[in-house]
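Breakdown of the fold
Spelled out, the chains give:
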Amino acid sequence: MTELIEKSKKHLWLPFTQMKDYEQDPLIIESGEGIKVKDIHGKKYYDGFSSVWLNVHGHRKKELDEAIKNQLEKIAHSTLLGMTNVPATELAAKLIELTPENVTRVFYSDSGAEAMEIALKMAFQYWRNIGNPKKQKFISMQNGYHGDTIGAVSIGSIDLFHHVYGALMFDCFNVPYPYVYRSDSGDATVCRDECLQGLEELLMEHHEEIAALSIESMVQGAAGMIVMPEGFLSGVRALCTKYEVLMIVDEVATGFGRTGKMFACEHEQVQPDIMAAGKGITGGYLPIAVTCTTEKVYEAFYDDYENLKTFFHGHSYTGNQLGCAVALENLRLFEAEAIVENVALKAEQLKEMLGELESLPHVGDIRQLGMMCGIELVQDKATKAPYPFEKRIGYHVSLKMRELGMLTRPMGNVIVFMPPLVSTNRELQIMVNIMKEAIEVITKEAALIGEDV
Ligand SMILES: *Cc1c(COP(=O)(O)O)cnc(C)c1O
């Protein structure tokens, strides 16, 4: 075991990880069962962030394991370039049943970032193909996050991740996002209306050069689980329609039941022009993502080959059979086990449990939609003064949680809680208790250190 740890320290480079931190606290997962994972020393942890926002039915779900084994008896992979395969075709049809009404076409890829990259290229080429090549620019939301490839980074705006790559990115119009807790008024309606007004002013002036707007559906995930006020997403939809700008909705984190609807845009009956999804699509098993769109967008690419309207984009593993087979079984389980309905019900109970954190002296804001939750820690609750960056308060709380038997990853000062969708009320309560204890211990320690200085 120590040998394995040495190998990991010597040869691995982990995503979004300062390897100096990893060296101090290495963790190697060996197996999983239900909503827990087990490390190589035999210590078990609640998977409090669904292995980074993916897991639905827990680990080693029998039906999902079987679906992959059964597909393996037939074939593991063949290409989707110019042909298709059985599970990719079945899955596309199933997805179209579940996605908003206007969505009719599925384009596969392997990750959320690619799905967004595809959305951007699709939107850009759409306008060229229909003879409006002036529309080339994009609108993105402040603190948006859509993945880590250069296109996705260009429409993203989380300074900590994105600033370094500034020179590589294409320019976007970046508009304010309604972060109610940190808005001047602190009022959801005022904050929403100001943001919508800002967007409309931009559209009025620039819509002729704008191809599309990108937005995370209902909740900004990586920004710190920021739930948008009611009426914002539908307001954005209305403005996109009015000013003839395609609306790209990123459902990578929020899709597949996470927020208590199959897709979060259903909370506001929003019909996107292009929708990206991934993460929960395979129940957290294999890398499949999709970019779904309407017949109108699709038709703009449909022509004789010589007219050069083809969408020249694809990946080696696009439409992988093993991934599509497990995604199909995942979606069957969604129906058989009423996953979405149960998330909506359990979210009510979870809200009460999270309410227990409210009285803690350094819990500033608790945000939740379905089973997507963020707890923003602040140095001073009255003034909402944030903890300084160097304190790494979220990181230390998460390390404490790990010690107490639960895994999650913070976003700065926001503790992320995204348990697998099948977590029971009892399991949710245990995880909330762990969170509470870790927050109490670490914020108390931080306060003591603060006094010493
Ligand atoms: C995770 C995420 C992505 C990127 O997905 P990957 O599969 O990690 O590339 C894009 N958008 C949102 C909203 C996400 O949460």
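What counts and how
Residues numbered from 1 in each chain as written. Predicted model: local features only at pLDDT ≥ 70, side-chain atom pairs only at ≥ 80, totals over all residues. Heavy atoms only, no water. Helix = DSSP H or I, 4+ residues; strand = E, 2+ residues; numbered from the N terminus. Expected span 1.5 Å × (residues − 1). Contact = heavy atoms within 4.5 Å. Polar contact = N/O pair within 3.5 Å; in protein donor to acceptor, adjacent residues only side chain to side chain. 1 Å grid on protein atoms, 1.4 Å probe; cavity = no way out; pocket = protein on both sides within 12 Å on 5 of 7 lines; lining within 4 Å. Points joined across faces, edges and corners; volume = space filled by probe spheres on them. Nonpolar A, V, L, I, M, F, W, Y, C, P; charged D, E, K, R; others polar. Pairing = 2+ DSSP bridges. Phe/Tyr/Trp six-rings, centres within 6.5 Å; stacked < 30°, edge-to-face > 60°.

So, helix H9 (residues 188-206)
Between its first and last C-alpha, H9 extends 27 Å over 19 residues, near the 27 Å set by a 1.5 Å rise per residue. Looking at the packing, one finds that the buried side of H9 touches strand E5 (137-141), strand E6 (173-175), strand E7 (210-216) and helix H10 (232-242). A side-chain oxygen of the first residue of H9 lies 3.1 Å from the backbone nitrogen of Thr189; this N-cap is Asp187.

Quick notes on the layout of surface pockets
Here the second largest pocket is characterised by a volume of approximately 960 Å³. If you trace the second largest pocket, you find 33 residues lining it, with Leu80, Val106, Phe107, Tyr298 and Phe311 closest to the centre. At the level of elements, helix H5 (86-98), strand E4 (103-109), strand E12 (289-294) and helix H11 (295-299) are the ones that each hand at least two residues to the lining of the second largest pocket. Each residue belonging to the lining of the second largest pocket can be placed in one class, and the counts come to 18 nonpolar, 11 polar and 4 charged.

Notes on the sheet that holds strand E3 (residues 44-47)
Spatial ordering of the open sheet is given by E1-E2-E3-E16, a layout of 4 strands whose pairing is mixed. The open sheet terminates on both sides in strands that have one partner only, identified here as strand E1 (29-33) and strand E16 (406-407). The sheet contact formed by E3 and E16 spans 2 bridges and is parallel. From the neighbouring strand, Tyr46 faces E16, where its bridge partner is Met406.

Comments concerning the packing of aromatic side chains
All chains considered together, the criterion is met by 8 aromatic pairs. Pairing Phe107 with Phe311 gives two aromatic rings, centres 5.2 Å apart and planes at 70 degrees, and the pair type is edge-to-face. Of this pair, Phe107 sits in strand E4 while Phe311 sits in the loop between H11 and helix H12 (321-336), and the two are 204 residues apart along the sequence. Judged by centre distance (6.1 Å) and plane angle (75 degrees), the ring pair of Tyr177 and Phe232 falls under edge-to-face. Of this pair, Tyr177 sits in the loop between E6 and H9 while Phe232 is found in helix H10, placing the two residues 55 residues apart along the sequence.

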